[in-house]
Amino acid sequence: MAIELEKLLRPVDNPVPLFPAKFVTLANGEEMVIRQITREEIPALLPHVAKLIQVERDYYDIVSARLYAELLGYYRYRVQDEYVLVAQINGHLAAIVNGRCLNPQVGVSYHTLALRRGLRIGAHAFAAKMEYHIDIMKQKEVLVVAESPIGFRRWMIEYQLEKRFEVAHELGGVPSYALTKKLFDRARSSLVVGRRPVPEKLLEKACEAILPPTDPPKPPFDLLAATRAMYDSTGTALRASRDQLEGGEK
Ligand SMILES: CC(C)(COP(=O)(O)OP(=O)(O)OC[C@H]1O[C@@H](n2cnc3c(N)ncnc32)[C@H](O)[C@@H]1OP(=O)(O)O)[C@@H](O)C(=O)NCCC(=O)NCCS
């Protein structure tokens, strides 16, 4: 009975080609591998995404909360036709991007999360995701939204995305923008970088394990508590109430 019910709950994915891994040389000279991961690798991402739910800066909180749910949806077979790509530097997680196929012509971009800042890692990962939809899955367009001003600058402005405001995006029900094949072709020479095939050793290192991000965004330091001495009653009370609110240790 349970197995029969699970068959009804579990959508069946349509076959699509896999994203061929690529590598990008970052502005600081480091090599970053972007590759598609399997369901079995999802648990390796979850703790790193969960930690960012506490980071309000640059909307990491809402993006991480939603991405966490999407990753679980994929892992537990509760979403149809989703894929997840990761960017890794020397094995360490640097970005996560995901999306899904709405139909053979139209793709849906879900999220882009950079776990290391300042190197356009998120921008490169987003470009790889668009490449997957337009070049590999041969879709006509991808529906995109942004939840943060940086996201808006990176996608809507840098690619000059077209408005598709009549289409509510799956992500939050907000009006969509679209990246068409024509826009992608125009951006190709400036925004889409990377080479294939990935050198064997580099790919092996990436596939061996998804290591924790080296310098992930962190919640802000509590300046008020920090200005007080460790045993100052006001400072400790403040910290205790904050911890309680956050469900942490007392
Ligand atoms: C949007 C996002 C993916 C872009 O990633 P990215 O291309 O690697 O860019 P960064 O976030 O590192 O940097 C963006 C800008 O902020 C600046 N910046 C902000 N915080 C920084 C930090 N801690 N270190 C260095 N630069 C920082 C950068 O200099 C950069 O400026 P630029 O646009 O003039 O180049 C990333 O900011 C992110 O994950 N944000 C939270 C989630 C989100 O909003 N996702 C998109 C919505 S779907």
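Details of the structure are given in the entry above.
These numbers come from a predicted model, not from an experiment. (Residues numbered from 1 in each chain as written. Predicted model: local features only at pLDDT ≥ 70, side-chain atom pairs only at ≥ 80, totals over all residues.)

Student: Explain the sheet that holds strand β1 (residues 22–25) to me, please; I cannot follow it from the model alone.
Tutor: Strand pairs in the sheet, formed through backbone hydrogen bonds, run parallel or antiparallel to each other. On the basis of which strands lie adjacent, the open sheet formed by eight strands has the order β1-β2-β3-β4-β5-β6-β8-β7 and mixed pairing. Of all the strands in the sheet, just β1 and β7 (162–168) have a single pairing partner and so form its edges. Ignoring strand direction, the axes of neighbouring strands in this sheet form an average angle of 30 degrees. In this fold helix α3 (residues 60–75) packs onto β3 (82–89), β4 (92–101) and β5 (106–114), with an angle of close to 125 degrees to the strand it touches most, β5. Lying on the sheet, helix α4 (residues 121–136) is in contact with β1, β2 (31–36), β3, β4, β5, β6 (141–144) and β8 (175–180); it crosses β4 at an angle near 30 degrees. (Pairing = 2+ DSSP bridges. Helix = DSSP H or I, 4+ residues; strand = E, 2+ residues; numbered from the N terminus. Axes fitted to C-alpha atoms, helices over the stretch in contact; angles between N-to-C directions. Contact = placed C-beta atoms within 7 Å.)

Student: What's the story with the pairing of β4 in this structure? I'm lost.
Tutor: Within a regular beta strand, the side chains point alternately toward one face of the sheet and then the other, so they alternate between its two faces. Where burial is concerned, most of β4 is hidden: 10 out of the 10 residues are buried. Across eight bridges, the pairing between β3 and β4 is antiparallel. Note on β4: the bridge partner recorded for Glu 82 is Arg 100. In this structure, the hairpin formed by β3 and β4 is closed by a connection of two residues, where Asn 90 is found at a positive phi of approximately 55 degrees. Here β4 pairs with β5 via six bridges, running antiparallel. Looking across to β5, one finds that Ala 95 is bridged to Ala 114. (Buried ≥ 20, exposed ≤ 12 C-beta atoms within 10 Å, placed from the backbone.)

Student: Got a minute to help me understand the environment of Gly 173 in this structure?
Tutor: Examined against the element boundaries, Gly 173 turns out to sit in the loop between β7 and β8. By the C-beta count within 10 Å, which is 9 here, Gly 173 ends up exposed. Sequence separation of Gly 173 and Val 145 is 28 residues, and the distance between their C-alpha atoms is 9.7 Å.

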